[in-house]
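The residues making up each chain are set out below.
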Amino acid sequence: MSTRRIRTLVVDDSAVVRRVITETLAKEAEIEVVGTAIDPYAAREKILALNPDVLTLDIEMPKMDGITFLRLIMKHRPMPVIVMSSLTTEGSTKALEALQAGAVDVLDKPSGSFSAWADGRLAQKIKAAAQASLHNISSQEAETPVRTIVKAPVISTPRLSGSGSRQLIVMGASTGGTEALKKVLTALPDGLPPICIVQHIPAKFSLAFANRLNDLCPFHVQEAQGGEVLQHGQAVVAPGGYHLLVRWNGNGYITALSEAPPVHHQRPAVDILFDSAVKAGAAPHVLGVLLTGMGADGASGMVNLRQNGAFTIAQNEATCVVFGMPREAIRMGGASAVAGLPEIAGLMVRHCAARREAVLSAG
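Model, not experiment: these values are computed from the prediction. (Residues numbered from 1 in each chain as written. Predicted model: local features only at pLDDT ≥ 70, side-chain atom pairs only at ≥ 80, totals over all residues. Heavy atoms only, no water.)

Visitor: What is the right way to look at the packing of aromatic side chains in this model?
Guide: Here the distance between the centres and the angle between the planes together describe a pair of aromatic rings. Tallied over the full model, the rule gives 1 aromatic pair. Look at W248 and Y253: their rings are 4.8 Å apart centre to centre, the planes differ by 65°, and that puts the pair in the edge-to-face class. The class for Y253 is buried, based on a relative accessible area of 3%. (Phe/Tyr/Trp six-rings, centres within 6.5 Å; stacked < 30°, edge-to-face > 60°. Buried < 20%, exposed > 50% of the residue type's maximum accessible area, 1.4 Å probe, protein only.)

See the structure below:
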């Protein structure tokens with residue numbers, strides 16, 4: 001019995017890009033390109049006629065820009081959309097705007113007639129998008145910057161820094177993760193232990209993502225450069241194309257970046273971050289969080305963390321865009337707790353406060 005192929009519609013004003021995408025996906029047995037469109041008006045007719053499962057959508061097009069068209073799609077005919085964007089500052093900003101408007105994922109546009117996705121990234125994203133829960137892909141157009149409002153009470157117990165505290169938070173996410181991470185992080189107060197984040201994201205887009213979080217969160221967020229000494233009230237995001245690791249130097253945690261081979265076809269990989277925390281001796285002091293995403297990255301790392309004394313949280317199926325990574329972690333026994341996305345921030349705050357009280361009492 002044959003498996004139904006993922007019907008994909010390609011929308012891009014560039015004939016070169018349409019050809020590259022079509023030729024790349026022609027090699028995939030699970031995916032079928034059912035049509036292409038040069039602009040949103042042609043795409044609308046193709047959507048009605050072909051009923052695709054997934055759409056790849058250029059952001060910059062004539063007649064109507066991709067983000068405007070995306071908003072119309074999510075209002076009138078919700079479907080999984082992967083946005084294609086240039087690796088420029090403006091392109092990265094627009095890509096994040098598209099994710100906020102309901103796109104499932106983002107991918108860099110090819111710049112020539114050769115395949116830019118020989119590593120299978122395009123196919124992986126389409127397969128993940130086809131599994132996405134549209135119910136959990138929400139638009140956050142009217143968000144208010146968290147810096148101007150109180151999202152959660154600030155923890156009033158004294159900060160423990162330097163050699164006095166080994167507390168650390170490590171987080172991982174993939175498909176649907178940019179919005180999931182935003183929802184969790186913007187609900188956290190300032191003053192928590194340092195946070196290290198791995199989000200599967202193409203190179204160049206990670207900087208815009210980190211800057212966006214920095215604008216929204218009540219604490220400092222930056223793209224990791226490698227060599228940072230981590231502080232309370234700080235979060236670092238792994239740069240696209242590099243693994244993020246943490247090390248202990250006897251007085252604090254220091255970040256490190258690696259171009260080692262991808263793990264689970266990903267670089268950065270969540271497993272690399274989680275396992276580095278164990279190697280740094282941090283596990284008994286770690287809070288590990290695994291959010292929405294396709295595949296199994298982070299599952300074995302979360303098991304490693306929990307077996308070495310960490311408290312770990314996996315996002316539940318009901319609130320995931322793709323219940324892949326958390327499901328594997330839960331199945332393997334890596335989750336200390338399973339929680340819905342709206343509850344995760346509160347659970348993190350309570351755990352950190354309890355750990356801090358325990359350390360203060362012991363001291």
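Visitor: What is the right way to read the sheet that holds strand β8 (residues 220–223) from this model?
Guide: Strand pairing in a sheet relies on backbone hydrogen bonds. The paired strands run either parallel or antiparallel. Taken together, the 7 strands give an open sheet; going across it, the order is β8-β9-β7-β6-β12-β13-β14, and neighbouring strands pair in parallel fashion. Since the sheet does not close on itself, it has two edges, and those belong to β8 and β14 (337–339), each with one partner. With strand direction ignored, the average angle separating the axes of adjacent strands in the sheet is 20°. Where helix α7 (residues 205–216) meets the sheet, its contacts fall on β7 (195–199), β8 and β9 (234–237), and the angle it forms with β8 comes to roughly 175°. (Pairing = 2+ DSSP bridges. Helix = DSSP H or I, 4+ residues; strand = E, 2+ residues; numbered from the N terminus. Axes fitted to C-alpha atoms, helices over the stretch in contact; angles between N-to-C directions. Contact = heavy atoms within 4.5 Å.)

Visitor: Would you mind showing me how to read the packing of helix α8 (residues 270–279) against helix α9 (residues 299–307) here?
Guide: To describe two helices that pack against each other, one gives the angle between their axes and the distance between the axes. It is the contact of α8 with α9, at a shortest axis distance of 8 Å, that shows an interaxial angle of 15°. When the interaxial angle is binned, α8 and α9 end up roughly parallel. As α8 packs across α9, the resulting crossing turns out to be left-handed. The segment α8 lies against α9, with D271, F274, D275, A277 and V278 engaging A299, S300, G301, M302, N304 and L305. Broken down by class, the residue content of the contact of α8 with α9 amounts to 6 nonpolar, 3 polar and 2 charged. (Parallel < 35°, antiparallel > 145°, perpendicular 65-115°, else oblique. Left-handed = near helix turned anticlockwise from the far one by under 90°. Nonpolar A, V, L, I, M, F, W, Y, C, P; charged D, E, K, R; others polar.)

Visitor: Where do I start with the confidence of the model for the protein chain in this structure?
Guide: The predicted structure's coordinates, where accompanied by low pLDDT, should not be read in detail. Averaged over all residues, the pLDDT of the protein chain is 88; the fraction at 70 or higher stands at 88%. Note that pLDDT drops below 50 for residues 139–164; the model gives that stretch 59 contacts with residues more than four away or on any other chain. (pLDDT = per-residue confidence, 0-100.)

Visitor: Help me out: how do you make sense of unusual backbone geometry in this one?
Guide: Outside of glycine, negative phi angles account for most residues, and trans bonds account for most peptide bonds. The omega angle of the peptide bond from R267 to P268 is 15°, so this bond is cis rather than trans. Assignment of secondary structure puts P268 in the loop between β11 (253–258) and α8. One non-glycine residue, K204, lies in positive phi territory at about 85°. Along the chain, K204 turns up in the loop between β7 and α7. On the accessibility criterion, K204 (55% relative accessible area) is exposed. Non-glycine residue H264 carries a positive phi angle of around 55°.

Visitor: Where do I start with the packing of helix α4 (residues 89–100) against α7 in this structure?
Guide: Packing of α4 against α7 brings their axes to within 9 Å, and their N-to-C directions diverge by 60°. α7 is crossed by α4, and the crossing has right-handed handedness. On the side of α4, the interface is formed by G91, S92, A95, L96 and Q100, while α7 contributes F205, A208, F209 and R212. For the contact of α4 with α7, the class distribution of residues is 5 nonpolar, 3 polar and 1 charged.

Visitor: Teacher, can you tell me more about the environment of N51 here?
Guide: Mapped onto the elements, N51 comes out in the loop between α2 (40–50) and β3 (54–58). In this structure N51 comes out as partly exposed when scored by relative accessible area, which is 47%. Separated by 44 residues in sequence, N51 and R7 place their C-alpha atoms 8.0 Å apart. Contacts of N51, omitting those with residues within four sequence positions, involve R7, K46 and R77. Here R77 takes part through its side chain, which lies 2.3 Å from a polar atom of the side chain of N51. (Polar contact = N/O pair within 3.5 Å; in protein donor to acceptor, adjacent residues only side chain to side chain.)

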